[in-house]
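Breakdown of the fold
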Amino acid sequence: MTDSHDPFAETSDHEVPAPPIDPAPPAETSADIEATTEIAPPPASDAAPTTVLPPSPVVPAPPEAAAAAGEPLPGPPAAAPGSGSKRGGTVARRVGAGAVIIALAAGAGYGGTWLQNRGDDDSTSSTPDDSTSSLDRPASTDEAPSGEVESVAAEVMPSVVQINVRNGEEGGSGSGVILSGDGQILTNNHVVETAADGGTIMVAFSDGTNAQASILGRDPVTDIAVIQADDVSGLTPAKLGSSADLVVGQDVVAIGSPFGLESTVTQGIVSALNRPVESSDASGDNATVFPAIQTDAAINPGNSGGPLVDLAGNVIGINAAIRTDSSASGSIGLGFAIPIDLARNVAEQLVKGDTVEHARIGVTVTPATEKDELTGIGAEIREVESGGAGDDAGLKAGDIITALDGHPVASSSALVAAVRGHQPGDTVKITYLRDGKSDTVDVKLDSDGGELSSSQE
């Protein structure tokens, strides 16, 4: 995979420590951080499902490979044989975390029978106000004793749906989280993008009913989308928590439709936080980078778009990708979710019909390594946009950004992921090396004005 992130040159605003095990190649990257997915190289064999791809080899790209400023985020490798979304097949999202390659699973087949239309069901008439949205409520701080997986599943399952998509011969399935009683549903962009141009979306609810849906808004850069189910009411909105205070080791539960098996519940822990993950869809398009929540809860193709929840039943992440190898097509205990704080911010803009704006620093960066060309030490600035946030803060070409808000930045991908977690207007502290001396400066992040999203549509 290429490590050039330029589309947002300088939009990455939240810093996530990049795992030293998978340093990004020394290709130029723009700190704009608006691509949320990283592409993995093609699998070793056609036999594996189209969902996950093997990790890319850890071989630093030559400096000449660095793209000029303004170039898009790391370019995805060619799609693996059999990858893509075919009717009844899986919709895969390939991902790489800093150096970790992951595959996003949109879903397998059309599991979950398409029973009667949701609009014909009268059993939901006595429900909360349909106009109330999860996005309108403050982050939940409810707590629950550990070990309450059964109660968590019972509480959250009515708020999780299976999403089946078809457009001609292409199709697949994924999962989603109900936001409002009248049918607004949060999911991944890669789950529904097949239907963006005249396709069909059907939503299967936990009570066995179904409804057709349309795309309300989507943002390829963050891999977030909101769809609207038709003629429904009385749905159970999920409780959206906060991802800001998550702790490594805490228990979490994933719910979704892996391989079309609706209402599947798996348990695990938060394995790591702020993991810089790059992913892309099976075609190698819409590369994105995000500061992922890593979990060992089993996540497989079809879990994409579904919730990762804490033991109080609060949604703290949207499952989006998994790491795989050539010998396995499913979970190997390395799953990744988009933090709910980031997903919520994007969803709020989509529901309002706004063009999603992403934070940016206004610089083009490339991975900086030690003399061994293996150990990542930061993101080296190659260009500074005149009048941009970085320029205003005094950053210069040649500076090596090593931390953002105190979190280590080991590569350009890590910087992009860190910035992506922020919003335009946020002020972050950037630590950098200049002439061997370390210094820290406050940077007020700019906005890309929605340009990056528009360029990926």
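Each chain carries its own residue numbering, running from 1 in the written order of its sequence. The model is predicted, so local features are restricted to residues of pLDDT at least 70 and side-chain atom pairs to those at 80 or more, both for listing and for counting; the totals for chains, interfaces and linings are taken over all residues. Heavy atoms throughout the structure, all of them, feed into the side-chain values; hydrogens and water do not.

1. Quick look at the overall build of the protein chain
Threshold: Only DSSP runs of H or I covering at least 4 residues are called helices, and only runs of E covering at least 2 are called strands; the numbering of each starts at the N terminus. Partly exposed residues are those whose accessible area sits between 20% and 50% of the maximum for their type, while under 20% is buried and over 50% is exposed, using a 1.4 Å probe and protein chains only. Every residue pair with non-hydrogen atoms within 4.5 Å of one another is taken to be in contact.
A count of helical and extended segments in the protein chain gives 6 helices and 24 strands. Split into buried and exposed, the 457 residues of the protein chain put 60% on the buried side. The contacts of the protein chain with a sequence gap of at least 6 include a subset with a gap of at least 24, amounting to 73%.

2. A closer look at unusual backbone geometry
Even without being a glycine, Glu373 presents a positive backbone phi close to 60°. Structurally, Glu373 can be placed in the loop between strand S18 (363-369) and strand S19 (376-384). Although it is not a glycine, Asp435 sits at a positive phi angle of roughly 55°. Tracing the sequence through the fold places Asp435 in the loop between strand S22 (427-434) and strand S23 (437-444). Overall, the relative accessible area of 77% leaves Asp435 in the exposed class.

3. What about the nonpolar core?
Put simply, the test is: Definition used in this section: a nonpolar core is a set of buried Ala, Val, Leu, Ile, Met, Phe, Trp, Tyr and Cys residues joined via side-chain atoms within 4.5 Å.
Counting 32 residues, the largest nonpolar core has Leu186, Phe290 and Val315 as its most contacted members. Of all the secondary structure elements, the ones that give two or more residues to this core are helix H1 (149-156), strand S9 (224-229), strand S11 (251-256), strand S13 (288-295), strand S15 (314-322), strand S16 (335-339) and helix H3 (340-352). Of all hydrophobic cores here, the second largest spans 22 residues; its members include Ile401, Tyr432, Val441 and Leu445.

4. Overview of the environment of Gln349
For the record, the criterion: For the purposes of these results, a polar contact is taken to be a pair of N or O atoms within 3.5 Å, where, inside protein, one atom must be able to donate a hydrogen and its partner to accept one; residues adjacent in sequence count only when each atom of the pair is a side-chain atom.
Relative to the helices and strands, Gln349 resides in helix H3. Judged by its relative accessible area of 15%, Gln349 falls in the buried class. Within the local environment of Gln349, its side chain forms a polar contact with the backbone nitrogen of Glu357, the two atoms lying 3.1 Å apart.

5. Quick word on helix H5 (residues 412-420)
Within H5, 9 of the 9 residues are buried, which leaves it mostly tucked inside the rest of the structure. All of the buried residues in H5 are Ser412, Ser413, Ala414, Leu415, Val416, Ala417, Ala418, Val419 and Arg420. Between the side-chain oxygen of the N-cap and the backbone nitrogen of Ser413 there are 3.4 Å, and the N-cap of H5 in question is Ser411.

6. What about H3?
Convention followed: Helix span, as expected, comes to 1.5 Å for every residue beyond the first.
Helix length check: H3 (13 residues) gives 18 Å between terminal C-alpha atoms against 18 Å at 1.5 Å per residue, within 8%. Among the residues of H3, Ile340, Leu342, Ala343, Arg344, Asn345, Val346, Ala347, Gln349 and Leu350 are the ones counted as buried. Directly after H3, the chain includes Gly353, whose backbone phi takes a positive value near 85°.

7. Re the environment of Ala418
Relative to the helices and strands, Ala418 is located in helix H5. Exposure remark for Ala418: the relative accessible area of 0% places this residue in the buried category. Residues Ala418 and Pro291, 127 residues apart in the sequence, show an inter-C-alpha distance of 6.1 Å.

8. A closer look at the sheet that holds strand S4 (residues 160-167)
Condition: For two strands to pair, DSSP has to find at least two bridges joining them. Axis geometry follows a simple rule: fit a line to the C-alpha atoms, using only the stretch in contact for helices, then measure angles between N-to-C directions, giving values from 0 to 180 degrees.
A barrel is described by the order of its strands in space; here 6 strands give the closed sequence S4-S5-S6-S9-S8-S7, paired in antiparallel fashion. On average, each strand axis in the sheet is tilted by 40° relative to the strand beside it, whichever way the strands run. With 8 bridges connecting them, S4 and strand S5 (residues 170-178) associate as antiparallel partners. Across the sheet, Asn167 pairs through a bridge with Glu170, a residue of S5. Packed onto the sheet, H3 meets strand S6 (184-188), strand S8 (210-219) and S9 and runs at close to 50° relative to S9.

9. Considerations on the pairing of S13
The buried fraction of S13 amounts to 8 of the 8 residues, a majority that puts the element mostly inside the structure. The two faces of S13 match: Thr288, Phe290, Ala292 and Gln294 on one face and Val289, Pro291, Ile293 and Thr295 on the other face are all buried.

10. Let's talk about the pattern of salt bridges
Under the convention used in this document: For salt bridges, the criterion is a side-chain nitrogen of Lys or Arg within 4 Å of an Asp or Glu carboxyl oxygen.
All told, the structure shown has 5 salt bridges when counted by the stated rule. The salt bridge partner of Glu385 is Arg360, with a shortest N-O separation of 2.9 Å. Taken as a pair, Glu385 in the loop between S19 and helix H4 (389-392) and Arg360 in strand S17 (residues 359-360) lie far apart in primary sequence, 25 residues in all. Take Glu385: its relative accessible area is 35%, and that puts it in the partly exposed class.

11. A word on the environment of Leu186
Position of Leu186 relative to the elements: it lies in strand S6. Leu186 gets classed as buried once you look at its relative accessible area, which sits at 1%. Sequence separation between Leu186 and Gly176 is 10 residues, and the spatial gap between their C-alpha atoms is 5.5 Å. Residues within four places of Leu186 in sequence aside, it is in contact with Gly176, Val177, Leu179, Ile224, Ala225, Val226, Gly305, Ile318, Ile340 and Ala347.

12. Structural notes on the side chain of Thr187
On the secondary structure map, Thr187 appears in strand S6. Separated by 2.7 Å, the side chain of Thr187 and the backbone oxygen of Ser175 make a polar contact. Setting aside residues no more than four positions away along its own chain, Thr187 makes contact with Ile163, Ser175, Gly176, Val192, Asp223, Ile224, Ala225, Ser304 and Gly305.

13. A closer look at the side chain of Asn319
Residue position: Asn319 is located in strand S15. Of the residues examined, Asn319 reaches a relative accessible area of 0% and is grouped as buried. In terms of polar contacts, Asn319 uses its side chain to reach the backbone carbonyl oxygen of Pro307, at 3.2 Å. Excluding residues within four positions of it along the chain, Asn319 makes contact with Asn188, Ala254, Ile255, Ile299, Asn303, Ser304, Gly305, Gly306, Pro307, Leu308, Phe336 and Ala337.

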